[in-house]
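Coordinate analysis (summary)
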Amino acid sequence: MMKRNWMHRLGAFAAAAALVLSLAGCGAEQSGGPADVEPVQLTVWTYYNGDQLESFNRLVEEFNATVGKEQNITVENCSQGNVNDLEAQVMDSAQGKVGAEEMPNIFMAYADTAYAMDQMGELVDLAPYFTDEERAAYIGSYLTEGDFNDDGSIKIFPVAKSVELLFLNDTDWQTFADATGAEYADLETIEGLVGAAEAYYNWTDAQTETPDDGKALFGRDAMANYMLIGAKELGDTLFDVKGGRMTVELTEATARRLWDNYYLPYVKGWFSASGRFRSDDIKIGNILAYVGSSSSATYFPSRVMLSDTESHSIALKVLPAPHFADGEKFAVQQGAGMAVAKTTDAEEAASVVFLKWLTQPENNIAFAVGSGYLPVTHAANEMDAIRSSGLILTGNMENILTQAVDTVNSSEMYTPRAFEGGTKARNTLTYSMSDLAEADRATVVARIAAGESAADAEAEFMTDEYFEAWYQSLCDALRQYEG
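Read on for a plain summary of the structure. (Residues numbered from 1 in each chain as written. Predicted model: local features only at pLDDT ≥ 70, side-chain atom pairs only at ≥ 80, totals over all residues. Heavy atoms only, no water.)

**Notes on the side chain of Glu233**
Position of Glu233 relative to the elements: it lies in helix H10 (residues 223-233). Among the polar contacts listed, one links the side chain of Glu233 to the backbone nitrogen of Phe324, at a separation of 2.9 Å. (Helix = DSSP H or I, 4+ residues; strand = E, 2+ residues; numbered from the N terminus. Polar contact = N/O pair within 3.5 Å; in protein donor to acceptor, adjacent residues only side chain to side chain.)

Okay, here's the thing in structure tokens:
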């Protein structure tokens, strides 16, 4: 086995070297590439939109005009809409479904999708194209995310990552803080955040004659991250994966902490989620703060629209995502990487040329500054390198990247290992607690409107028995994905 792997490694190096040397060794004509080398056309599928798409497209154009022109490689990027659309398109192409587009050379993929594609034999192992020195340039956990068999393989290549941060409508927060003495430090821990949310609800409730009509302070964009990272901080690896097989590890004590610090404050009206994303809730004044991806910061609104006629401008404050007070400090590692589909040796080698170029510090930093994503190499993931890049940093983007870079460098990064059914299991985490909380809060609001006190309206949802029923149902739902 070792001999076969070594021969494969030599073959991959030879293919890459042959492509680069044959292309670089010839004079370029006006058409752009060496005349005696067949041009290589690469298609990339992404789910980037807005600022991220514009930033990525600029880099693709730059590659095509420089290294691509020199080496007769042309890259075409195609956004497939959102991540779910992209995953569906990729799977349809791999399965050869009627009407599906031809498989792209490179496509963005999260670990579960890449794992499924790898099980179908569709992915290239990129490890043979990288020397040990080249691998060491990348943040280690970013590379191991695509090592499904713990054999040093690279089935997902990192090009941009993100972490979770807390985004705050600082303008309206200051009004609350001046009136109550609330501080940013209250938002450093999950428990402190819950306390601040209770205080904000009570403060806003007191401003009207109507009882129990306070406002929510906080919302979350990704409930699965709260469950996974929260459990990890409290000592449980919720999805414990070994050899592609998952075992559910969620003690009742950990589940209760997660419940008490999201479900209960949600049902009481201290937390909320009504728009598609929490930045939408910020925009209409339903909440003041949310935890979400650093890449979501480009969507943070500049104004709050309270009605068709009433609005006001707001300032953004970026803070670290809160952690459990007595827990170990973990941070979610997120952001899809690039997977390379098996095609010809020339196309696979050209794909590596493009990906290596894309993650050179100056190019990776350019993408980060334009998108809120993070560079993936040690050299680029430093604020000194970002500031000295010569790129213009807005005040908000500098604050976002500063907090994100500090999170990566000061926390243990975590993302679950891939396993069969991983996407469905994650969806269970996303909706199990949040859907129940939303439905039960609606019941509480209706009861209050009918004349009940908040305490009476909430009572049935506050019991140990109600929690235990949810905990058992969650464990039962997750165990169907165990290996």
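Still more to cover.
**Considering the sheet that holds strand E5 (residues 218-220)**
Backbone-to-backbone hydrogen bonds join strands into a sheet, with any given pair of strands oriented parallel or antiparallel. Read across the open sheet, the 4 strands follow the order E5-E8-E4-E11; overall the sheet is mixed. Strands with a single pairing partner mark the edges of an open sheet, and in this sheet they are E5 and strand E11 (316-320). On average, adjacent strands in this sheet sit at an angle of 30 degrees to one another, irrespective of strand direction. Where strand E4 (residues 164-169) lies against strand E8 (residues 289-293), 5 bridges are found, and the strand directions are antiparallel. Counted as the bridge partner of Leu165 is Gly292 from E8. Contacting E4 and E11, helix H8 (residues 170-180) runs over the sheet at an angle of about 70 degrees to E4. (Pairing = 2+ DSSP bridges. Axes fitted to C-alpha atoms, helices over the stretch in contact; angles between N-to-C directions. Contact = heavy atoms within 4.5 Å.)

**Structural notes on the sheet that holds strand E2 (residues 73-79)**
The strand order E2-E1-E3-E13 describes an open sheet built from 4 strands, whose pairing is mixed. Either end of the sheet is taken by a strand with one partner, and the two such strands are E2 and strand E13 (337-340). The sheet shows a mean angle of 25 degrees between the axes of neighbouring strands, taken without regard to direction. With 7 bridges connecting them, strand E1 (residues 40-46) and E2 associate as parallel partners. Counted as the bridge partner of Thr46 is Ser79 from E2.

**Concerning the packing of helix H2 (residues 50-65) against helix H15 (residues 361-371)**
Contact geometry for H2 and H15: axes closest at 8 Å, N-to-C directions at 155 degrees. Considering the angle they form, H2 stands roughly antiparallel to H15. Between H2 and H15 lies a crossing of right-handed hand. Together, Asp51, Gln52, Ser55, Phe56, Leu59 and Glu62 of H2 and Asn363, Ala366, Phe367, Gly370 and Ser371 of H15 make up the contact between the two elements. For the contact of H2 with H15, the per-class residue count stands at 4 nonpolar, 5 polar and 2 charged. (Parallel < 35°, antiparallel > 145°, perpendicular 65-115°, else oblique. Left-handed = near helix turned anticlockwise from the far one by under 90°. Nonpolar A, V, L, I, M, F, W, Y, C, P; charged D, E, K, R; others polar.)

**Regarding the pattern of salt bridges**
Scanning all chains against the criterion turns up 16 salt bridges. The salt bridge partner of Glu458 is Lys268, with a shortest N-O separation of 3.3 Å. Remark: Lys268 occurs in the loop between helix H12 (263-267) and helix H13 (278-283) and Glu458 occurs in helix H19 (residues 454-458); sequence separation between them is 190 residues. Exposure remark for Lys268: the relative accessible area of 22% places this residue in the partly exposed category. Of the charged contacts in the structure, one is a salt bridge between Arg387 and Glu398, with a shortest N-O distance of 2.7 Å. One end of the pair, Arg387, is in helix H16 (residues 383-387); the other, Glu398, is in helix H17 (residues 395-410), with 11 residues separating them in the sequence. The class for Arg387 is partly exposed, based on a relative accessible area of 41%. A relative accessible area of 25% means that Glu398 is categorised as partly exposed. By sharing partners, the salt bridges in this structure join Glu191, Arg257 and Asp326 into a single network. (Salt bridge = Lys/Arg side-chain N within 4 Å of Asp/Glu carboxyl O. Buried < 20%, exposed > 50% of the residue type's maximum accessible area, 1.4 Å probe, protein only.)

**Side note on the environment of Phe176**
Relative to the elements of secondary structure, Phe176 occurs in helix H8. When its relative accessible area of 1% is taken as the criterion, Phe176 is described as buried. In contact with Phe176, other than residues within four places in its own chain, are Gly181, Ala182, Ala196, Ala199, Tyr200 and Trp203.

**Some details on the nonpolar core**
The nonpolar side chains of a soluble globular protein tend to be buried with one another. If you look at the biggest cluster of nonpolar residues, it comprises 87 residues, and the most contacted ones within it are Tyr48, Phe56, Phe107, Leu126, Phe167, Phe354 and Leu355. Sort the elements by how many residues they give to this core and helix H14 (residues 345-358) lands first, with 8 residues. Counting residues in each nonpolar core, the second largest holds 62 residues, with Val241, Trp270, Ala321 and Phe324 among its members. (Core = buried A, V, L, I, M, F, W, Y, C linked by side-chain atoms within 4.5 Å.)

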